[in-house]
Amino acid sequence: MIAFKKGRTSSIEGEGIVTAVICTLGVVDRDLDVVEPGAIDERFPVAISTWNHGSWEVGQPPIGTGRLSVVGAEVIVTAQFFMETQAGAETFHAVREMHKVGLGEWSWSLQDMVRTPDRINGQAVSRISSVRVREVSPVMAAASIGTRTVNAKDSEVERSIAQEHSRTERLIRELGCR
């Protein structure tokens, strides 16, 4: 157990894992950008920030790390929050609670971009054919379309699943189904 100020504690093992959609490829977003399929390089890890890209502020370190993957037209981050830090634990718990009621979106840094101006249905847009993502952050409203938390795991959830599995196995044995 790690103790935080004001008596808070956190069990590190198994907590703080989030899967989220951070971008939908090939669609015009709220900033009038279109991130083309293949534009995002999945080879590099990303930093996870507190809400609204907080780690870009002086003295605010990242609160986790993640890996990107592209699944169909969606860019997914699988993140491990630093649960041993107060900021990491607090941000994770906020993301998890927002997810439970269908709120919260995700944003990401756009660096080393290659953009080309274009028009779609008469609207001026920027087509992004290459971009380096260095940081991902939970936000209230994202520029990218379709961003959302897919899963937020912690040890309490995993314990609950394990307990339910044990109950099911016991019932199966008691009923003589195996």
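Sequence order sets the numbering: in each chain, residues are counted from 1 along the sequence as written. For this predicted model, a pLDDT threshold of at least 70 governs which residues receive local features, and a threshold of 80 or more governs which side-chain atom pairs are given and counted, while totals over whole chains, interfaces and linings are taken from all residues. Hydrogens and water are ignored here; the side-chain numbers use all heavy atoms of the structure.

### So, the overall build of the chain
Our working rule: Secondary structure elements follow DSSP: runs of H or I of four or more residues count as helices, runs of E of two or more count as strands, with numbering from the N terminus. Throughout, exposure labels follow a simple rule: accessible area from a 1.4 Å probe, protein chains only, divided by the maximum for the residue type, with under 20% read as buried, over 50% as exposed, and the rest as partly exposed. Areas reported as accessible are Shrake-Rupley estimates using a 1.4 Å probe. Residue values count occlusion only from the protein chains shown.
Of regular secondary structure, the chain possesses 2 helices and 12 strands. Counting all 178 residues of the chain, 35% fall into the buried class. For the chain, the computed accessible surface area is about 10,100 Å², with 54% contributed by carbon and sulfur atoms.

### Describing the confidence of the model for the chain
For clarity, the threshold we go by: Per residue, pLDDT measures the predictor's confidence, with a range of 0 to 100. Working rule for contacts: check all heavy atoms of both residues, and any pair within 4.5 Å makes them a contact.
Here the chain averages 85 in pLDDT, while 80% of its residues score no lower than 70. Every residue in residues 1-12 is under pLDDT 50, and counting partners more than four places away or in other chains gives 25 contacts.

### Side note on the pairing of strand β11 (residues 135-139)
How we decide: The pairing criterion for strands is at least two bridges between them, as found by DSSP.
The element β11 is extensively covered by neighbouring structure, given that 5 of its 5 residues are classed as buried. Here β11 shows no split at all, with E135, S137 and V139 on one side and V136 and P138 on the other all buried. The sheet contact formed by strand β5 (residues 46-48) and β11 spans 2 bridges and is parallel. Residue pairing for β11: I48 is matched across the bridge by V136. Of the pairings in the sheet, the one linking strand β8 (residues 105-108) to β11 comprises 4 bridges and is antiparallel in character. Looking at the pairing, S107 lines up with S137 of β11.

### Description of the side chain of D33
Mapped onto the secondary structure, D33 falls in strand β4 (residues 33-35). Classification of D33 by relative accessible area gives buried; the value is 6%. Apart from the residues within four sequence positions on either side, D33 is in contact with V27, V28, R115, S126 and I128.

### Observations regarding the sheet that holds β4
The pairing of strands in a sheet comes from backbone hydrogen bonds and takes either a parallel or an antiparallel form. Our working rule: The convention used is that axes are lines fitted to C-alpha atoms, helices contributing only their stretch in contact, and that angles between N-to-C directions extend from 0 to 180 degrees.
Taken together, 3 strands build an open sheet; the order of strands is β4-β10-β9 and the sheet is mixed. Each of the sheet's edge strands pairs with one partner strand only, and the pair in question is β4 and β9 (111-120). Each strand of the sheet is rotated relative to its neighbour by a mean of 30°, with strand direction disregarded. Note: β4 against strand β10 (residues 123-132), 3 bridges, orientation parallel. When the bridges of β10 are listed, V34 appears paired with R127.

### Observations regarding the pairing of strand β6 (residues 64-71)
Relative to β6, β5 runs antiparallel, the two sharing 3 bridges. Residue pairing in the sheet places I48 in a bridge with G64 of β6. The pairing of β6 with strand β7 (residues 74-81) spans 8 bridges and is antiparallel. Note on β7: the bridge partner recorded for G64 is F81.

### Comments concerning the sheet that holds strand β3 (residues 17-24)
Overall, mixed pairing links the 7 strands, which are arranged β8-β11-β5-β6-β7-β3-β12 in an open sheet. Of all the strands in the sheet, the pair left with one neighbour each is β8 and β12 (148-153). Taking the axes of each pair of neighbouring strands and ignoring which way they run, one obtains an average angle of 30° across the sheet. Across the sheet, helix α1 (residues 86-100) lies against β3, β7, β8, β11 and β12, angled at about 115° from β12, the strand it touches most.

### Overview of the pattern of salt bridges
Here is the rule we go by: We count a salt bridge whenever a side-chain nitrogen from Lys or Arg sits within 4 Å of a carboxyl oxygen from Asp or Glu.
Counted according to the given criterion, the structure contains 8 salt bridges. Here R134 and D112 are joined by a salt bridge, their closest N and O atoms 3.3 Å apart. With R134 in the loop between β10 and β11 and D112 in strand β9, the pair connects residues that are 22 residues apart, well separated along the chain. Overall, the relative accessible area of 52% leaves D112 in the exposed class. A salt bridge links R127 to D118, with the shortest nitrogen-to-oxygen separation between them at 2.4 Å. Judged by its relative accessible area of 27%, R127 is partly exposed. With relative accessibility at 30%, the residue D118 sits in the partly exposed group. A network of salt bridges, in which partner residues are shared, links E36, D118 and R127.

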